[in-house]
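Structural characterization, general
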Amino acid sequence: MERATVTVNGVVQSVGFRPFVYRTAVDLGLQGTVRNRGDAGVLVELEGDPDDIDAFLAELRENDPPLARVERVETDREPADEPSFSTFGIVASAASEGGGGTIPPDTAMCEACVADMRDPDSRYHDYWATGCVDCGPRFTIVESVPYDRPTTSMAAFPLCEDCREEYEDPTDRRYHAQAIACPDCGPTLRYLPGELVGTIDGSNTAPPAEGRDPFPDRRGSRGASGSDDPIREAATALADGDVVVVKGIGGAHIACDGTNPEAVARLRDRTDRTGKPFAVMAPDVESVESIAAPTPAERRSLTSPRRPILLLDRRAESRLAADVTPGLHTVGVMLPYSGVHHLLFDHVDVPLVMTSANLPGQPMLTHNDAIAAGLRDVADGFLLHDRRIVARCDDSVARFVDGERRLVRRSRGFTPSSVPISDAGEAHVLGLGPELDVVGGVLADGECHLTQYVGDVDTLETFEQLTTAVDHLLDITGRDRPGIVAHDAHPAFRTTEYARRLADDDASPVERTVAVQHHHAHAASVLAEHDRRGAIAITVDGVGYGPDGTVWGGEVLDATRAAYERVGGLAPVPMPGGDRATRYPARMLAGLLAHREDLETLLEAHATFPNGSEERRLVRQQLAAGVNTPTTTSAGRFLDAVSALVGVCDERTYEGEPAMRLEALATRGTPRSVEPPSATADGRRVLDTPRLLDRLLELAEGSSRADVAATAQDTLARGLA
Ligand SMILES: [Zn+2]
Ligand SMILES: [Zn+2]
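Residues numbered from 1 in each chain as written. Chains lettered and ligands numbered in written order. Predicted model: local features only at pLDDT ≥ 70, side-chain atom pairs only at ≥ 80, totals over all residues. Heavy atoms only, no water.

It is worth spelling out the nonpolar core at this point. Membership of the largest hydrophobic core comes to 60 residues, with the highest contact counts inside it found for Cys 163, Leu 344, Leu 352 and Leu 383. Breaking this core down by element, the ones donating at least two residues are helix H3 (111-118), helix H4 (161-168), strand S6 (189-193), helix H5 (230-239), strand S7 (244-247), helix H9 (339-344) and strand S12 (352-356). It is H5 that provides the largest number of residues to this core, a total of five residues. With near-sequence residues (within four places) excluded, Leu 344 lies in contact with Ile 231, Ala 234, Ala 235, Leu 238, Val 246, Leu 352 and Leu 383. With 45 residues, the next largest nonpolar core counts Met 575, Leu 599, Ala 641 and Leu 665 among its residues. (Core = buried A, V, L, I, M, F, W, Y, C linked by side-chain atoms within 4.5 Å. Buried < 20%, exposed > 50% of the residue type's maximum accessible area, 1.4 Å probe, protein only. Helix = DSSP H or I, 4+ residues; strand = E, 2+ residues; numbered from the N terminus. Contact = heavy atoms within 4.5 Å.)

A few words now on the coordination of the zinc ion (ligand 2). By definition of the ideal shapes, four donors in a tetrahedron about a metal sit 109.5 degrees apart, and six donors in an octahedron sit 90 or 180 degrees apart. With distances of 2.3 Å, the protein atoms coordinating the zinc ion (ligand 2) are Cys 160 (SG), Cys 163 (SG), Cys 182 (SG) and Cys 185 (SG). Of note, the zinc ion (ligand 2) draws all its donor residues from one chain, in the sequence arrangement C-x2-C-x18-C-x2-C. Placement of the pair is Cys 163 in helix H4 and Cys 182 in the loop between H4 and S6, with a sequence separation of 19 residues. (Donors = N, O, S within 2.8 Å, 3.2 Å for Na, K, Ca; no water.)

Turning next to a negative patch on the surface. Residues Glu 161, Asp 162, Glu 165 and Asp 184 make up a contiguous surface patch of negative charge. Mapped onto the elements, Asp 162 comes out in helix H4. (Patch = residues over 30% accessible without salt bridge, like charges linked within 9 Å, V, L, I, M, F, W, Y side chains within 5 Å. Areas by Shrake-Rupley, 256 points an atom, 1.4 Å probe, with all protein chains shown as cover. Salt bridge = Lys/Arg side-chain N within 4 Å of Asp/Glu carboxyl O. Lys, Arg positive; Asp, Glu negative; His and termini not counted. Charge placed at Lys NZ, Arg CZ, Asp CG, Glu CD.)

Attention now moves to the sheet that holds strand S18 (residues 441-444). Read from one edge of the open sheet, six strands run S16-S19-S18-S17-S20-S21, paired in mixed fashion. Only two strands of the sheet have a single partner each, and these edge strands are strand S16 (418-420) and strand S21 (512-516). When the angles between neighbouring strand axes are averaged without regard to direction, this sheet yields 20 degrees. The pairing of S16 with strand S19 (residues 447-450) spans three bridges and is classified as antiparallel. (Pairing = 2+ DSSP bridges. Axes fitted to C-alpha atoms, helices over the stretch in contact; angles between N-to-C directions.)

Turning our attention to the confidence of the model for the protein. When pLDDT is averaged along the protein, the result is 91; 94% of the residues meet or exceed 70. A low-confidence stretch, residues 95-100 stays under pLDDT 50, and its non-local contacts, those more than four residues away or across chains, total 14 contacts. Between residues 217-226, whose pLDDT stays under 50, and residues either more than four places distant or in other chains, the model counts 17 contacts. (pLDDT = per-residue confidence, 0-100.)

A cis amide bond links Thr 415 with the next residue in sequence, Pro 416, at an omega value of 10 degrees. Positive phi outside glycine occurs at Asp 126, with the angle close to 60 degrees. Relative to the helices and strands, Asp 126 resides in the loop between H3 and H4. A relative accessible area of 45% means that Asp 126 is categorised as partly exposed. A positive phi is found at Asp 437, a non-glycine position, where the angle reads about 50 degrees. With respect to the secondary-structure elements, Asp 437 resides in the loop between strand S17 (429-431) and S18.

Strand order in the open sheet formed by five strands is S4-S1-S3-S2-S5, and the pairing between neighbours is mixed. Each of the sheet's edge strands pairs with one partner strand only, and the pair in question is strand S4 (69-79) and strand S5 (88-90). Here the strands of the sheet are splayed against their neighbours by 15 degrees on average, with no regard to which way each runs. In this structure, strand S2 (residues 31-36) lies alongside S5, joined through three bridges in parallel fashion. Each bridged residue has a counterpart across the sheet, and for Val 34 the counterpart in S5 is Ile 90. Relative to S5, helix H1 (residues 17-27) is tilted by about 175 degrees, and along the sheet it contacts strand S1 (2-11), S2, strand S3 (42-48), S4 and S5.

Extensive coverage of strand S11 (residues 330-334) is indicated by the burial of five of its five residues. Going residue by residue along S11, you find Thr 330, Gly 332 and Met 334 tucked away on one face and Val 331 and Val 333 tucked away on the opposite face as well. Sheet topology note: the strand S9 (residues 280-281)/S11 ladder contains two bridges and is parallel. Directly across from Val 280, in S11, lies its bridge partner Val 333. Here four bridges tie strand S10 (residues 309-313) to S11, and the two strands are oriented antiparallel to one another. For Leu 311, the partnering residue across the bridge sits in S11 and is Gly 332.

For the zinc ion (ligand 1), every protein donor is listed as Cys 110 (SG), Cys 113 (SG), Cys 132 (SG) and Cys 135 (SG), and the spread of their distances is 2.2 to 2.4 Å. Geometry at the zinc ion (ligand 1) is tetrahedral, judged from the four donor atoms that bind it and their angles of 105 to 117 degrees at the metal. Mapping the donors of the zinc ion (ligand 1) onto the primary sequence yields the spacing C-x2-C-x18-C-x2-C. (Tetrahedral: all angles 85-135°; square planar, octahedral: opposite > 155°, others 65-115°.)

Another aspect to go through is the packing of aromatic side chains. Summed over all chains, the structure comprises five aromatic pairs. With a centroid separation of 6.3 Å and 65 degrees between ring planes, the pair formed by Tyr 22 and Phe 88 is classed as edge-to-face. Taken together, the residues Tyr 22 in helix H1 and Phe 88 in strand S5 connect sequence positions 66 residues apart. Phe 88 matches Tyr 22 in its accessibility class, with the two residues each being buried. Consider the rings of Tyr 127 and Trp 128, whose centres lie 6.1 Å apart with planes at 55 degrees: the pair is tilted. A residue is classified by how much of its surface remains accessible, and Trp 128, at 6% relative accessible area, is buried. Positioned above the aromatic ring of Tyr 337, the side-chain terminus of Arg 412 is 3.6 Å from the ring centre. The ring of Trp 552 is capped by Arg 566, whose NZ or CZ atom sits 3.7 Å from the centre of that ring. (Phe/Tyr/Trp six-rings, centres within 6.5 Å; stacked < 30°, edge-to-face > 60°. Lys NZ or Arg CZ within 6 Å of the ring centre and 35° of its normal.)

Over its 16 residues, helix H21 (residues 705-720) runs 23 Å from end to end, which matches the ideal 22 Å to within 8%, given 1.5 Å per residue. When H21 is considered as a whole, its buried residues turn out to be Ala 706, Asp 707, Val 708, Ala 709, Ala 710, Thr 711, Ala 712, Thr 715, Leu 716 and Leu 720. (Expected span 1.5 Å × (residues − 1).)

Time to look at the pattern of salt bridges. On inspection of all chains with the given rule, the structure shows 44 salt bridges. Note that Arg 3 is salt-bridged to Glu 47, the shortest N-O span being 3.0 Å. In this pair, Arg 3 is assigned in strand S1 and Glu 47 in strand S3, connecting sequence segments 44 residues apart. Among the salt bridges present, the one from Asp 229 reaches Arg 232, with a minimum N-O distance of 3.4 Å. Beyond isolated ion pairs, a larger network of salt bridges with shared partners links Asp 116, Arg 123, Glu 166, Arg 173 and Arg 174.

Moving on: the side chain of Thr 415. Mapping Thr 415 onto the fold places it in the loop between strand S15 (404-409) and S16. Ignoring sequence-local partners within four residues, the contact set of Thr 415 consists of Pro 105, Asp 106, Phe 139, Cys 393, Arg 410, Leu 450, Thr 451 and Gln 452.

In structure tokens, the structure reads:
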């Protein structure tokens, strides 16, 4: 007989790890105990046959629960004569050692829970909010550690006897599942037709102990029709072409029938999203295959517990309305991940447009009263529940490139899991980022925890989302407030100002601020992600503040994590009208053609200005005098100019639109072999984009627009490489 003491570290608490250990040990006939340790690990004491202990350790590595992440296993083994245990048991953790622990991300409802929901004999039949230790919300419902019912928004729903029994049974899948709930004791779901939104009071903003029905004054006559089936009512509205708000796990979506062009047009019109591509949620993989052709790896990603929105190439012919993704060749697709989605698709067999429920320039709405008040002119109906969302969390977006998944937006399904940073030593840093598409980060003990996607923080209100997200991250990771704050080097960004304020505040622990050049930050984050010390980094970006006062973007940097040298990139070109040149690509075309004597003729032939010839004249004056004409090496602005040249985008209505439309056109073309023209700027070799545009103009004479687009992308890539 042997005795083994096994310490397991990683994401092993609140993920069903102890029940897993229990089942494995009992199956192998081992005796001993398992308990949570205060440092977020799990301690297992085992007694039994050495072969069985070997088998146990192998199981630990290979068959751990889906949400667990076993990072380190330390084993201490010794021969034993006398057994000290007669059974195997789960030992409760003392309150003092319950702290710490890495809270796992929110994950899609697992197959077992979906099966419970579908089983007419189960007490979870048709109940949307069921979950277990393997699935469901975590990050978005927890206020602080230790992760325990009282620290979550589920505290508002005291357990019924049946739930309590399962919660306390170590052999049950819902053993210590903090979000356990059933129709008798858990959150409720209601459908409210839009004309009745005035009847909603300010529910759901109450503290967690007071979770309530989303429409308390409508109890007893649950739906408009008096039916008791909010899901069916929402489904009927969607089938009628209505716009319906659906509250999910970390936020709400504005939804409509993705195959109904009128419904999609209505949604666009009411949300003032004229050209922005919408993501869709498809009922199942077969339905995804009717609108795109996912590879096996993409299918695995779609069905993974993280359930990201995956950008897939759209089929040319599909029942999806063309206007879901105007002018683009890709479509963002996801599969149902919450119980509400699964039940909704019992009655809806078409892909639904699911776009984030927010007002222009505002963060996604999460509280019922804010949703109802903010979207009363947008939605025809509201499908809402009364489980409070503590932390909002947008859908993650991913795309496969050369067979590998690349994250475009890291949020639901990933947050708050950390990225290991080797050689970080004692560094304890808060990272605030720039001003657009922001994610905050906290580096501590060699781990970088990232907040959910926060988005643009250029208004007071949205900036508050960043500080709230950072505070929540610190609360749930149990980390101290860092003494160093890193921020984008742009002197006027809100993040810069905030960092300065923290450093000046005597009450704050911040002692030092570090300004990081925008593209060095991009390069360093890729180095860290791939555990590299240094590399020649190519950044193909829109805009970032350059230390020389110009707008950087397409850069070649010789970078380490701590320093960089700008060794190449794109040629500096004028941006007539500054920000206006970002909105109207024709201005960038003028900027790149500024060296041409026949500028007027070229612009007349190729550029569309909103104010016609008057604006064309003004742009030429701006270029000649250098008035309000900053200099940029932006890769985005070069692609904007090409998009104007080939006529795919006259006005940018959302970030990245011209380049995305250009990419869509380029997929239909063949790149011509063009030698990337080079030049010298401030002693570094650069891709001469004005001369490249000359070549593209020549090409445009005899080639298709698609070929010009493909050649532009191809030559840009080769020129930077
Ligand atoms: Zn489950
Ligand atoms: Zn219950």
